[in-house]
Amino acid sequence: MRVLGRVEKFRDKLQLDVRTLEPAEGVDPSAMAPAMRRDADELEGFLEFLIAEISHPGLHAAVEHVLDTETRAAMRALPATVEGHHSYAGGLLEHTVGVATLCRETAQLHQRLRIDLLVAAALVHDVGRTREVGRGPVFRPTDEGRLLGHVHLGLRLIEDRAPTLDPGVRAELLHAVSCHHDIRSARTAEAAVLYHANQLDAVAATRPVND
């Protein structure tokens, strides 16, 4: 973006009086968006590791299909939220890995939890963001994102890409994703843990800490 204007003095301070804005050639708009705090390649390596650890064949295949190459590229470019936590390019990938890691560690502490279901749900819980939010540098909701929201869009994407998953397992996966913002709707331990892991990662990323 090229800016035409002039610098003026106002109340003993300099300010920029912008006259016109022109698009610049050869500039990637996404480069102007705030970037993630961690290395994207490292995060994608963690994502691959978490997917590889899912031993249930149906869930493993479902997550692979949902998080295809195009979707993973979008996760590297999009925020997890527009104005809340992880609200910068790549925040969606960072948040997804964070929530899935918290769920994995919780399942290792509490082995009554079904770790494959929990980690799979964590990995796809926010996949609807890739349909809800447009690319940077200014992240705005898409038309369907504004009307339907990321939870509905994510459920629809999972249903479309995991048609052969056992109906019972798919129902539990969809249930966990559907209520990751609504603890009152959680009917399984895995759904409740996903809700709290999602909240914890958001709080840890945004609450101020002392230096």
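Note: the structure precedes this text.
Residues numbered from 1 in each chain as written. Predicted model: local features only at pLDDT ≥ 70, side-chain atom pairs only at ≥ 80, totals over all residues. Heavy atoms only, no water.

S.K.: Go over the packing of helix H2 (residues 57-66) against helix H5 (residues 115-124) with me, naming the residues and quoting the values.
M.R.: One way to put it is that H2 packs onto H5 with a least axis distance of 10 Å and a crossing angle of 5 degrees. Between H2 and H5, the interaxial angle falls into the category roughly parallel. Along its contact with H2, which presents Leu 59, Val 63 and Val 66, the element H5 presents Asp 116, Leu 117, Ala 120, Leu 123 and Val 124. For the contact of H2 with H5, a count of residues per class yields seven nonpolar, no polar and one charged. (Axes fitted to C-alpha atoms, helices over the stretch in contact; angles between N-to-C directions. Helix = DSSP H or I, 4+ residues; strand = E, 2+ residues; numbered from the N terminus. Parallel < 35°, antiparallel > 145°, perpendicular 65-115°, else oblique. Contact = heavy atoms within 4.5 Å. Nonpolar A, V, L, I, M, F, W, Y, C, P; charged D, E, K, R; others polar.)

S.K.: So what about the pattern of salt bridges? Which residues, and what values?
M.R.: Going through the model one piece at a time under the given rule, you end up with 12 salt bridges. A salt bridge links Glu 172 to Arg 114; the shortest N-O distance between them is 2.7 Å. Of this pair, Glu 172 sits in helix H8 (residues 167-178) while Arg 114 sits in the loop between helix H4 (91-109) and H5, and the two are 58 residues apart along the sequence. Exposure remark for Arg 114: the relative accessible area of 37% places this residue in the partly exposed category. Close ionic contact of Asp 182 with Arg 184 constitutes a salt bridge, the shortest N to O distance being 3.7 Å. Judged by relative accessible area, Asp 182 falls into the partly exposed class, the value being 28%. (Salt bridge = Lys/Arg side-chain N within 4 Å of Asp/Glu carboxyl O. Buried < 20%, exposed > 50% of the residue type's maximum accessible area, 1.4 Å probe, protein only.)

Bear in mind that shape data such as this cannot, by itself, settle questions of function.
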